[in-house]
Amino acid sequence: MSILRGARILLGITGGVAAHKSVDLASKLVQQGATVDVVLTDAARNFLGPAGLQAITRRPVYGSVFEPWTADFAGHITLGEESDLLIVAPATVNVVAELALGLAPDMLTTAALASTAPLLIAPAMEDTMFRHPAMQQNLETLRARGAMVVGPESGRLASGEQGIGRMSEPATIVGAARKILGRNGILQGRRIVVTAGGTREALDPVRYLGNRSTGLMGYAIAQSAIDAGAAVTLVSGPTSLDTPYGAERIDVQTAVEMKEAVTEAVNGADVIIMSAAVADYRPNAVRSEKIKKSELGATLSLDLVTNPDIIASIGHDGLIKIGFAAETSNLVEHAQRKLREKGLHLVVANNAEQAIGSRDNQVTLVWPNGDVDQLPLMPKSDVAELVIERVGTLLAG
Ligand code: C5P
């Protein structure tokens, strides 16, 4: 689930070659539960027709201010008033100037003036136009008024040249939308450190001891914390997952590196959620040369030493510590022991075999007062949302 569920979004698409990416953007917003009203400017209609957008959003696509007014639709006024967020993507140099000046020559700019919703702008244009002082000044004006500007990114532009001016990817714009919509959430003003993924303990220059953690659970928690308005530091083991928009990500490999990163990150933080699968042991010494089978014979014994327990070793007054327990048996019993031994405020216990690598998770929340909440199997994004709700309650209490 996502904070976009039930949100009303006004998506303004203006006349740039990146307009085709906004079809995917509309689709992603709708998939996450938003109601999306699209305004397609005249210039955008040179690049894109309304039919596909209408089918994706299941809503009319707007164009002119003078479209027929019905009993419950007062044109630009309704559109502007009813939206929770206004996204302009792609935003041309022209629309940025109009928005900055408060001009209202068409449906989009008129609706923008009739709206008190936050504004998210994804500029797309040639490098020279983007760098033009007029454009930069207009963006600055909009920022000063509270607008969020996402991108543009560097890469190949319409001219074929490399430069800055590509519209951000739809997934990034969706992430930025989530961050804006979440800004007044239950974790507003809070700093949360989340760890995710597994560690890799090097044996030699090419091999490591690791585990099958994908990082999905921790990344979902980081995203939910951003949806709730928190400032998030994500300390991550190796993974192929995209960083949630707005999270500060610190990449680590080993348990010792993770400990250093977490110890630093929890300074001034309100909560640590330790969902990473940290290796309990690491090789006593990392070989500088690749281990050769020819030198070893039929068996290989590894000399291992224990890793520091990260969550048990950190803390300051008021820091809420939440751990995970991935078990294959006696889930609650093991979780209760971890709760005590590591001094935690909550343990999220799950079945290791079921949870690792899966999109869904069935977790049991184990509390210091002896309460045990067994939650049903659900997507990890929903588990994350519930955990973050509980974090909000812990902080409030
Ligand atoms: O590995 P174990 O089952 O004890 O993990 C329980 C909790 O402790 C998890 O939240 C895990 O991230 C954390 N942990 C840690 N440092 C370790 C091992 C585990 O912080 N070395």
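Since the model is a prediction, treat every value here as computed from it, not as a measurement. (Residues numbered from 1 in each chain as written. Predicted model: local features only at pLDDT ≥ 70, side-chain atom pairs only at ≥ 80, totals over all residues. Heavy atoms only, no water.)

For any two helices packed against each other, the geometry is given by the interaxial angle and the distance between the axes. Two elements in contact, helix α1 (residues 21-31) and helix α8 (residues 170-181), have axes separated by 9 Å at closest approach and are oriented at 45°. Viewed along their axes, α1 and α8 adopt a mutual orientation that is oblique. The chirality of how α1 crosses α8 is right-handed. Contacts from K21, D24, L25, K28 and L29 in α1 reach P170, A171, I173 and V174 in α8. Looking at the contact of α1 with α8, its residues break down into six nonpolar, no polar and three charged. (Axes fitted to C-alpha atoms, helices over the stretch in contact; angles between N-to-C directions. Helix = DSSP H or I, 4+ residues; strand = E, 2+ residues; numbered from the N terminus. Parallel < 35°, antiparallel > 145°, perpendicular 65-115°, else oblique. Left-handed = near helix turned anticlockwise from the far one by under 90°. Contact = heavy atoms within 4.5 Å. Nonpolar A, V, L, I, M, F, W, Y, C, P; charged D, E, K, R; others polar.)

What follows covers a nonpolar patch on the surface. Residues Y281, L296, L300, L302 and L304 make up a contiguous nonpolar surface patch of about 430 Å² in total accessible area. Summarising the element assignment, L304 is placed in strand β16 (residues 304-306). The class for L304 is partly exposed, based on a relative accessible area of 36%. (Patch = residues over 30% accessible without salt bridge, like charges linked within 9 Å, V, L, I, M, F, W, Y side chains within 5 Å. Areas by Shrake-Rupley, 256 points an atom, 1.4 Å probe, with all protein chains shown as cover. Salt bridge = Lys/Arg side-chain N within 4 Å of Asp/Glu carboxyl O. Buried < 20%, exposed > 50% of the residue type's maximum accessible area, 1.4 Å probe, protein only.)

Remark: helix α9 (residues 216-227) packs on helix α15 (residues 380-396), axes separated minimally by 8 Å, with the N-to-C direction vectors making an angle of 50°. Taken as axis vectors, α9 and α15 run oblique relative to one another. The interaxial crossing formed by α9 with α15 has right-handed handedness. Contacts from L216, M217, A220, I221, S224 and A225 of α9 reach α15 at K380, S381, V383, A384, E385 and I388. Looking at the contact of α9 with α15, its residues break down into eight nonpolar, two polar and two charged.

Turning our attention to the site of the ligand. All residues in the neighbourhood of the ligand are listed as M274, A276, V278, D280, P308, D309, I310, I311, G323, F324, K338 and K342. Within the contact set of the ligand, an oxygen atom lies 2.7 Å away from a backbone nitrogen or oxygen of F324. K338 is positioned such that a nitrogen or oxygen atom in its side chain is 2.4 Å from an oxygen atom of the ligand. Burial of the ligand by the protein amounts to 87% of the accessible area it has alone, namely 440 Å². The set of elements that each furnish at least two residues to the shell around the ligand consists of α12 (310-313), β17 (320-327) and α13 (331-342). (Near = heavy atom within 4 Å. Polar contact = N/O pair within 3.5 Å; in protein donor to acceptor, adjacent residues only side chain to side chain.)

In short, shape yes, function no, at least from these values alone.
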